[in-house]
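Okay, here's what each chain looks like letter by letter:
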Amino acid sequence: MTTEHGRRLRLGMVGGGHGAFIGAVHRTAARLDDCYELVAGALASTPERALESGRDILKPGARNYSTFEQMVLAESSREDRIDVVSIVTPNDAHHKVAKAFLQAGIHVICDKPLTTDVSQAHELERVAKERGRVFVVTYNYSGYPLVRQAREMVAAGDLGELRLVHVEYLQGWLTERLEDTDNKQARWRTDPARSGPGGCLGDIATHAFHLAGFVSGVTPERISARLDTFVPGRRLDDNVNIRMRYASGAQGTLWASQVAPGHENDLHLRIYGSRGSLSWRQEEPNRLRFTRHGEVPRLYTRAGPALGGAANHATRIPGGHPEGYLEAFAQLYKDAAALIHARNESLDPPATALLAPTVREGAAGVEFIAAAIDSHRADAEWTSLLAGDSR
Ligand SMILES: NC(=O)c1ccc[n+]([C@@H]2O[C@H](COP(=O)([O-])OP(=O)(O)OC[C@H]3O[C@@H](n4cnc5c(N)ncnc54)[C@H](O)[C@@H]3O)[C@@H](O)[C@H]2O)c1
């Protein structure tokens, strides 16, 4: 039992079998605040590997399924069926898995990018709404306390009028043809049939795009994109340069790369306004730099003085003990649990939980990918990003 919500939510997982990356992160994130119990899974893409993975990874007594189809069917008819499913497969399976569980009345937590095309993303938005299910998309960088602090400061007007948004997400791991090795993460990420039409664009530029929007509170109206594929023979982009124009007249730039040697997960956001600026870097996530124009820079630290409610809600241990990726990921699980309990009990969700990215943000990420590809193909033509256009 949890003190906060009465009982742990019953969680199922699709994907995340032996050798998978993000499934294990989701499992840790789900345990951290003790809001969930993993009771079922269809953990891999073939029945044999799914059952084998489930035998090792799931607890004794958990329901170990050979396919997600079998899992939806069996879970739907149980009294103690799962409350929520985590979808941690490669991108091409997100849509069919999410749709099946939503239709069975089960809440969804899904990794990004939400789908491999815009119409599928819009369909998931529609089905989630029709079924009244919670749908959280794990744009996990929005779970960091100091990212939430930055958002609160922008919203409070601490930067003045927004002028410039600059966001980078740099990695070096695909500098050579890793997809020719047995690295399965590199293989599917460079295969359009599994990754979707974006390479670096869908994998990490979408994170940068979401983070910039989450903190600045605004989405660009138009973007101009240039996508490069530097590694010979690679079938998807591995480097992304995007200019962004906001309705207010503010400007932005987004650079994402997976061919930048020397960088690991170097996500860096800088925002400049008429009165000051903010800078936050995921490789030093417990610090946020704020400079009021003409003054000495201030360093906000996680759990330190002068933080607002959103940052304090997302922090667990005293300052100086580093929190990081897993805790930020766990924050989205904690927020999702609060949203699900509120939905199940027909209560208003707590305001803090409403910061968790939803299926709308997931779909906006897919619209961003489509707009960037359209723009690139038209020689970096300025292209609309507005939701619900005909794309
Ligand atoms: N939020 C983040 O920071 C973050 C980080 C890494 C990956 N991701 C996203 O997470 C997803 C998975 O990425 P990964 O790197 O863990 O991939 P991975 O290749 O390491 O793992 C994918 C797992 O899904 C399983 N799988 C594939 N199809 C399946 C199906 N139909 N049914 C059940 N299982 C199936 C595979 O067998 C494997 O176990 C991707 O969408 C990726 O974009 C997000």
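See above for the structure.
The following paragraphs examine the structure supplied in this document. (Residues numbered from 1 in each chain as written. Predicted model: local features only at pLDDT ≥ 70, side-chain atom pairs only at ≥ 80, totals over all residues. Heavy atoms only, no water.)

Moving on to the pattern of salt bridges. Summed over the entire model, instances satisfying the criterion amount to 23 salt bridges. Put simply, Arg-63 and Glu-75 hold a salt bridge, and the shortest N to O gap is 2.8 Å. Of this pair, Arg-63 sits in strand E3 (residues 63-64) while Glu-75 sits in helix H3 (residues 68-76), and the two are 12 residues apart along the sequence. You can call Arg-63 buried: its relative accessible area is 13%. The salt bridge partner of Arg-63 is Asp-80, with a shortest N-O separation of 3.5 Å. With a gap of 17 residues between them, Arg-63 in strand E3 and Asp-80 in the loop between H3 and strand E4 (84-88) connect regions that are remote in the sequence. Overall, Asp-80 belongs to the partly exposed group, its relative accessible area being 29%. Residues joined in a network through salt bridges with shared partners are Arg-177, Glu-179, Asp-180, Arg-234 and Asp-238. (Salt bridge = Lys/Arg side-chain N within 4 Å of Asp/Glu carboxyl O. Helix = DSSP H or I, 4+ residues; strand = E, 2+ residues; numbered from the N terminus. Buried < 20%, exposed > 50% of the residue type's maximum accessible area, 1.4 Å probe, protein only.)

Relative to the helices and strands, Ala-250 is located in the loop between strand E9 (239-245) and strand E10 (251-257). Considering only alpha carbons, one finds Ala-250 and Leu-164, 86 residues apart in sequence, at a separation of 5.8 Å.

Attention now goes to the site of the ligand. Around the ligand, a shell composed of 30 residues is seen, among which Ile-22, Asn-91, Lys-112, Asn-140 and Gln-185 lie nearest. Interatomic distance of 3.0 Å between a side-chain N/O atom of Asp-111 and a nitrogen atom of the ligand. Coverage of the ligand by the protein chains reaches 94% of its 850 Å² of free accessible surface. The set of elements that each furnish at least two residues to the shell around the ligand consists of strand E1 (9-15), helix H7 (184-189), helix H9 (200-216) and helix H11 (325-344). Among the elements that line the shell around the ligand, the one with the most residues is H7, at four residues. (Near = heavy atom within 4 Å. Polar contact = N/O pair within 3.5 Å; in protein donor to acceptor, adjacent residues only side chain to side chain. Areas by Shrake-Rupley, 256 points an atom, 1.4 Å probe, with all protein chains shown as cover.)

So, on to the packing of H3 against helix H4 (residues 94-103). Packing of H3 against H4 brings their axes to within 10 Å, and their N-to-C directions diverge by 10 degrees. Between H3 and H4, the angle is such that the two are roughly parallel. Contacts from Phe-68, Met-71 and Val-72 in H3 reach Lys-96, Val-97, Ala-100 and Phe-101 in H4. Within the contact of H3 with H4, the residues separate by chemical class into six nonpolar, no polar and one charged. (Axes fitted to C-alpha atoms, helices over the stretch in contact; angles between N-to-C directions. Parallel < 35°, antiparallel > 145°, perpendicular 65-115°, else oblique. Contact = heavy atoms within 4.5 Å. Nonpolar A, V, L, I, M, F, W, Y, C, P; charged D, E, K, R; others polar.)

For Asp-238, the location among the structural elements is in the loop between strand E8 (222-228) and E9. Filtering out sequence-adjacent residues up to four positions away, Asp-238 remains in contact with Cys-200, Asp-228, Thr-229, Phe-230, Val-231, Ser-257, Gln-258 and Val-259.

Further remarks concern helix H1 (residues 22-32). Among the residues making up H1, those that are buried are Ile-22, Gly-23, Val-25, His-26, Arg-27, Ala-29 and Ala-30. Against the buried residues of H1 lie E1, strand E2 (36-42), helix H2 (47-57), E4 and H11. In the segment just after H1, Asp-34 is the residue with positive phi, at about 60 degrees.

As a general point, the strands of a sheet are linked pairwise by backbone hydrogen bonds and lie either parallel or antiparallel. With respect to topology, six strands assemble into an open sheet ordered E3-E2-E1-E4-E5-E6, the strand pairing being parallel. Of all the strands in the sheet, just E3 and strand E6 (135-137) have a single pairing partner and so form its edges. Note: E2 against E3, two bridges, orientation parallel. Opposite Ala-40, over in E3, you have Arg-63 as the bridge partner. The sheet contacts of H3 involve E1, E2, E3 and E4, and relative to E2 the element is tilted by about 125 degrees. (Pairing = 2+ DSSP bridges.)

A separate point is unusual backbone geometry. Looking along the chain, the bond that leaves Lys-112 and enters Pro-113 is cis, with omega of -15 degrees. If you trace the backbone, Pro-113 turns up in the loop between strand E5 (107-110) and helix H5 (118-131). If you check the backbone angles, Ser-346 has positive phi at about 55 degrees while not being a glycine. In this fold, Ser-346 is placed in the loop between H11 and helix H12 (359-377). The class for Ser-346 is exposed, based on a relative accessible area of 67%. A positive phi angle is found at Asp-379, which is not glycine, with a value near 55 degrees. One can find Asp-379 in the loop between H12 and strand E15 (383-384). When its relative accessible area of 70% is taken as the criterion, Asp-379 is described as exposed.

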